[in-house]
Structures are given as structure tokens and as C-alpha cells.
Amino acid sequence: MNETRPIGHTRLPSVDQVLRSVSGVAAVERFGHEATVGAARDVLGAIREARRAGAAAAGNVEAIAQDTLRLLEEKNAPSLRRVFNLTGTVLHTNLGRAVLPDSAIAAAVEAMRSPVALEFDIGGGERGERDDHVRGLIREITGAEDACVVNNNAGAVLLVLNTFGGGKEAIVSRGELIEIGGSFRLPDIMARAGARLVEVGTTNRTHLKDYEQALGDNTGLVLRAHTSNYLIQGFTKAVPAAELAALARARSVPLVHDLGSGALVDMTRYGLAAEPTVRACLAEGADLVTFSGDKLLGGPQAGIVAGRKDLVARVAKNPMKRALRIDKIRLAALEAILKLYRDPERLPHALPTLRFFVRPKDEIAAVAVGLREAFAAAIGGEYTVSVAECTSQIGSGAQPLETLPSAGLAMTPIGRKGAGGRLEALSRAFRKLPIPVVGRIKDGALIFDLRCLEDEAALREQLPQLAAHLHTERAADAPG
Ligand SMILES: *Cc1c(COP(=O)(O)O)cnc(C)c1O
């Protein structure tokens, strides 16, 4: 057959010939003429290059067309890929934080597929507000007078700081000048918001009189930031929220609390460590609370501002709100998530984030026992695979010192020689699977914490492909 005729070293097929081969036709069918021509040129170019470098890179038309097809498939593979989060960190910022329940996914899909009444009052046939879809729910769940929503909590903080602190001073305790993940540093956000930072107290101790002395004619707000990702212990003092609230009120200055993770229900009712709730924060006297949609709340990326009606109105009127607004897709998902909070009893079942948090260690261990042999068989004789106890974390800065007893699989290289390299190779091989598996390396072992594993079948199904990847990675890793 013409397509499979071997081509000698001297003559390469034309792009046209490649396109007319079996795989060439298939490539055009899938990816279009233009993209296939481009890819075929790239493949032919690479062969010419290799030949010039003295390599015996030959190839018949069909082989070149197959390479073209592979190149196109590679280019078209999604970059934002699904992975297995077996890191043990439930809300992993680098892995997209909260995963959503079906009701929220369905709502988001509907909002993507069809026109929706985003800023349209169906009853009156007039213009509406996008915040209207969730403000009632947030009021109901948190006791806030009013609420509005923006792109994320960093945006919410920026917006609030700009609204009340723009051209004015924002008072913050030195113990609360937080940095979250490098890109969110309170002093930087404050500068961008046009607010002048006034630090009060010391790193470990801040007294009411420190705030009193700092408050003046030019104070725009007092900001309290939840130190969600670290803990100051020992000789410490922070001003009780109610006292600070009374002071701020007496001076007619808004007290804003950036809660970060923002729990909407008391976590202790599910046997988890206490985390300040939005409701409690408002009850203690905060005028506004800002929090994330995709941390403890378990929803899509969003930033919520909840609290006093007059202050929310000022925030909503800030032109910056337009630049930070949330999109219809996430708004639809957020509405669906918030509705789940009306039934807190069923929440640990309905909300994946909470389901992961409360998943009992014994149940996770049973999954590990069930998977151990399949993993051992897939990995081969160079590593031991054992069921191991481990500890999971909430993640996203929430309760950094709290851990959840968990279980998983620990893979350890047999023998000391090149153990570190072999461990890295194993870790890379797992990440090369169609659905990359992400774990963590600790104490000379690759640990897969199975707390967040629900689709066991999909994980199992791809294990037979591991050996080939491991072989490649080991070869790449071999010394010399
Ligand atoms: C996480 C966090 C933020 C940033 O929230 P994003 O939703 O990631 O934008 C701000 N402040 C605190 C205290 C946080 O914990």
C-alpha cells in the first residue's frame, strides 16, 4: 500500500502525502486541515533536523502521519487536568480547593448552557442585581443584615479596604499582618487599596489602648484578620472582639473582620476542631466579615462580604466591585451550595469538603487494605507497599495545627542504594498516569492519603499502566 511504503533517507514525503495517508486523513478529520498541516510540517522539520545532525531518522508516510496525529493529540490534551488528590490536604489550593456536589455542578452547567436571569428581575421584568441570588441565603445562614459577593476573598478584602480605607488609615494589630501563600500580603493589598496601614501593638501582644491611641479623625476602618495559617503562642494578648467592637462603634469606625476560611456552621457539631463562624463573628460585633467561597464553605471560588446593610451598600457602590464581580457560573454554584446549609444535619453527606473532613479513619484504612495488593502488583518488586497511618490537614490555611487521623498507602524503596532517586521516579510515574496521582514524600516513603479518594475504580483501572511509566522514569534516573 502506498501509505506504508518506506521512504529512503534521501526523500521525505510532502505534507500533502502525509495528509492523504490513513492517519493523515484521521488527523484532518479530528483536528482540521490547518492544524494538521502545521503539525505535519513540525514533524517533517524535526526529521530533517535530526538527519542534519547525523541521525538515521527515516520514516514512511504512515509513520510520519502517526507522529503528526500524536503531536496534535498532545497539543489538544487539556492543560487543566483532573488529578487524584492523595496529598492528605483536603482543601489544597494548588489542586483547586473545594470540589463541588452534583447540585452545584448542575446549576453551574445550566448557567453555562442557557441565558440566565443574572441581573434581571423576572417578576418585574426589570434590571436586577446579581447579588440578589445569594444575599437572602447568606443573611439566613449568618444572621448578617446584608451581603455581596465578589471574585474571591482577596478581592473582597481589597474592595472593603478601598471602600473604607481609601485615602484614609486602616488600623491593624501587628500580630495579624498576614501573608497567605506569598501572593496575598495584607500590607501590599492595603497599599493597592489606597489605605495607609497603621500598625498597632506588637507581634505577640496588642491591647485595647493601642487601638484607642491609633484611632483618629483619619481612621477609615479597623481591620481584624483571622490568623488562619499560623498561631502565636506563649506570652500573647489579643483584644477580645466584643471590646474592640465597642471601641470602634464609639468612634463610628467600621470594624472589619477578614475571616479567610469562614465556616458557616459550628464545626464541632461534626466532631471537628472549633473554627470561628461568620455568625459568631458578626454577633461579637464585627460590622463586616469577609470570607472565601472555596475554603471551609466548600463551594466555588468566591469572596463574600457580609454584615451591616449600610456598609454593604457602600461596598456594592464602589466602582471597583464591577472589576471584581463574580461570574454567573460560580454564582449559580454558590447559590446551590448555600442551600445545602439549610439542612446542617445532612451536610456531611451532601457537601464533599465536609464529607472528606469527617470520613472516619477506619473507613479510609479499609480502602487502603483493599487497594494494597493492586498497588504492590503494579509497582513491582523494588518497593514495599504497606497500609500506613497518616494525618490529613484541612488545608487552605484553616487550622494549620489541627490534623485529622487518616490512613493510606506507603511505598518505600527496598534497599538503601539510590533510594531517594527511586522514590522520586515512583512519584513521577504516578503523575504520568492518565489521571495523575499526587501524593507526598515523607520520611523516605511516598504516601498516598486516601481520605479524598472516592473514585476508587478509576484509580484502580489505570494502575496497569504504571509499570511502563516507572520503567521510563527509572531509566531516566539511572546513574551514568
Ligand atoms: C485565604 C485567605 C484570604 C484569601 O482568600 P482567597 O479566597 O484565597 O482569595 C484572605 N484572608 C485570609 C485570612 C485567608 O485565610
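Residues numbered from 1 in each chain as written. Predicted model: local features only at pLDDT ≥ 70, side-chain atom pairs only at ≥ 80, totals over all residues. Heavy atoms only, no water.

### Observations concerning the packing of helix H6 (residues 132–142) against helix H14 (residues 328–340)
- Across the interface, H6 lies against H14 with an axial gap of 10 Å and an inter-helix angle of 25°. It follows that H6 is roughly parallel to H14 by the angle criterion. The crossing of H6 and H14 is left-handed. Of the residues in H14, those in contact with His133, Val134, Leu137, Ile138 and Ile141 of H6 are Leu331, Leu334, Glu335, Leu338 and Lys339.
- Broken down by class, the residue content of the contact of H6 with H14 amounts to seven nonpolar, one polar and two charged. (Axes fitted to C-alpha atoms, helices over the stretch in contact; angles between N-to-C directions. Helix = DSSP H or I, 4+ residues; strand = E, 2+ residues; numbered from the N terminus. Parallel < 35°, antiparallel > 145°, perpendicular 65-115°, else oblique. Left-handed = near helix turned anticlockwise from the far one by under 90°. Contact = heavy atoms within 4.5 Å. Nonpolar A, V, L, I, M, F, W, Y, C, P; charged D, E, K, R; others polar.)

### Concerning the layout of surface pockets
- In this model, the largest pocket occupies a volume close to 1000 Å³.
- Breaking the lining of the largest pocket down by element, the ones donating at least two residues are strand E1 (84–85), strand E2 (89–91) and helix H16 (352–358).
- If you tally residues by element for the lining of the largest pocket, the top one is H16, at four residues.
- The residue inventory of the lining of the largest pocket, partitioned by class, reads 16 nonpolar, nine polar and seven charged.
- Domain assignment of the residues forming the lining of the largest pocket places at least three in each of domain 2 (84–93 + 358–477) and domain 3 (102–350). (1 Å grid on protein atoms, 1.4 Å probe; cavity = no way out; pocket = protein on both sides within 12 Å on 5 of 7 lines; lining within 4 Å. Points joined across faces, edges and corners; volume = space filled by probe spheres on them. Domains from an automatic or database assignment.)

### Some words on the confidence of the model for the protein chain
- Averaged over all residues, the pLDDT of the protein chain is 93; the fraction at 70 or higher stands at 95%.
- This stretch, residues 1–8, has a pLDDT under 50; its non-local contacts, to residues over four places away or in other chains, come to 19 contacts. (pLDDT = per-residue confidence, 0-100.)

### Details of the pattern of salt bridges
- On inspection of all chains with the given rule, the structure shows 33 salt bridges.
- Arg127 serves as the salt-bridge partner of Glu119, at 3.2 Å between the closest nitrogen and oxygen.
- Overall, the relative accessible area of 64% leaves Arg127 in the exposed class.
- Salt-bridge contacts for Arg174 lead to Glu199; the nearest nitrogen and oxygen are separated by 2.8 Å. You can see Arg174 sitting in the loop between strand E6 (169–173) and strand E7 (179–180) and its partner Glu199 sitting in strand E9 (residues 196–200), a full 25 residues away along the chain.
- Among the residues examined, Glu199 registers a relative accessible area of 34% and is labelled partly exposed.
- One network of salt bridges, with partners in common, ties together Glu129, Asp132, Arg135 and Asp146. (Salt bridge = Lys/Arg side-chain N within 4 Å of Asp/Glu carboxyl O. Buried < 20%, exposed > 50% of the residue type's maximum accessible area, 1.4 Å probe, protein only.)

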